[in-house]
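# Residue-level structural notes
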There are 2 protein chains.
Amino acid sequence: MTGIGQSRILKHMLNYRAPLDLMFHALADPARRSMVERLGRGPASVSELAEPLDMTLSAVVQHLQVLETSGLVRSEKTGRVRTCRLEPQALRTTEQWIAARRQSWEARFDRLGEVLAEFLDDVEQEE
Amino acid sequence: MTGIGQSRILKHMLNYRAPLDLMFHALADPARRSMVERLGRGPASVSELAEPLDMTLSAVVQHLQVLETSGLVRSEKTGRVRTCRLEPQALRTTEQWIAARRQSWEARFDRLGEVLAEFLDDVEQEE
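The structure presented is a predicted model; accordingly, all values stated were derived computationally and were not measured.

## Looking at the relation of the copies chain B and chain A
The two copies are related by a screw motion: chain B maps onto chain A through a turn of 180° and a shift of 0.0 Å along the axis, at an RMSD of 0.1 Å. These values place the two chain copies in the arrangement generated by a two-fold rotation axis.

Put into structure tokens, the structure is as follows:
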């Protein structure tokens, strides 16, 4: 492999961020969350997304690019209008990652509750 | 109000980031997600959190601070050991924000399905 090939791969690896990194990063901004919220109600054009936001159209386009890179949103251009849609499967990926950690934590407390209930049953039977 | 008071409030507003910004930002890093994953299995000390991570303890402490500032994790020091715990309610906040947008999007398709089913029923009855 040529040195150029290697350096391109290295550059790719350094630029690579796991899907969850990109998705959570995309959701960490109020303007981008407002765009996701709007898209939850149905597909929208870029100017519809920009309407409630107090920023330039080029700033909105940049935010849209972050959302698209993360996979949470996709868009397609028909004529002069770019229509954006949510990708529910990508949203579900982030949701499930969080839910799994929360449920694992909560299951600990359920088990603790069961152990405690058994213990109290034993105490009762001994009395 | 004095100019200093105003500038302090302005500075506070500029530094202020909404809880969801902080929580999603905290989740956008693989080391911090690994810490949340470990804490999902139960409380852990800082060195237990650091163990699987290939980084200095001070880097781990910095990541922990991001998690604590976001509210996703809290910690308390007893003697020389700092014990960290998940805050399931904070996890639930992020989970519910995402779920609401996904469900709103999916409900659109359910409604579309109902309209389509009604239309097909009408066509059938007319035949």
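Moving on from the coordinates now.
## Brief notes about the interface of chain B and chain A
With 34 residues of chain B at the contact, the number on the chain A side is 34 residues. The tally of links from chain B across to chain A stands at eight salt bridges. Here Arg33(B) ties to Asp21(A) by a salt bridge, and the two come within 2.6 Å at their closest N and O atoms. Per-element tally for the side of chain B that touches chain A: the top contributor is helix H6 (residues 88-126) of chain B, with 14 residues. Within the side of chain B that touches chain A, the residues separate by chemical class into 16 nonpolar, five polar and 13 charged.

## Here we look at the sheet that holds strand E1 (residues 44-45) of chain A
Residue and element names in this part refer to chain A. Strand order in the open sheet formed by three strands is E1-E3-E2, and the pairing between neighbours is antiparallel. Edge strands, defined here as strands with exactly one partner in the open sheet, are E1 and strand E2 (73-78). Both E2 and strand E3 (residues 81-86) contribute to a ladder of six bridges, which runs antiparallel. Looking across to E3, one finds that Val73 is bridged to Leu86. Taken strand by strand, helix H3 (residues 30-40) contacts E1, E2 and E3, and its axis lies near 85° from that of E3.

Each value, and the rule that gives it
Residues numbered from 1 in each chain as written. Chains lettered and ligands numbered in written order. Predicted model: local features only at pLDDT ≥ 70, side-chain atom pairs only at ≥ 80, totals over all residues. Heavy atoms only, no water. Least-squares fit on C-alpha atoms with pLDDT ≥ 70 in both. Contact = heavy atoms within 4.5 Å. Salt bridge = Lys/Arg side-chain N within 4 Å of Asp/Glu carboxyl O. Helix = DSSP H or I, 4+ residues; strand = E, 2+ residues; numbered from the N terminus. Nonpolar A, V, L, I, M, F, W, Y, C, P; charged D, E, K, R; others polar. Pairing = 2+ DSSP bridges. Axes fitted to C-alpha atoms, helices over the stretch in contact; angles between N-to-C directions.

Keep in mind these numbers describe shape, not what the thing actually does.
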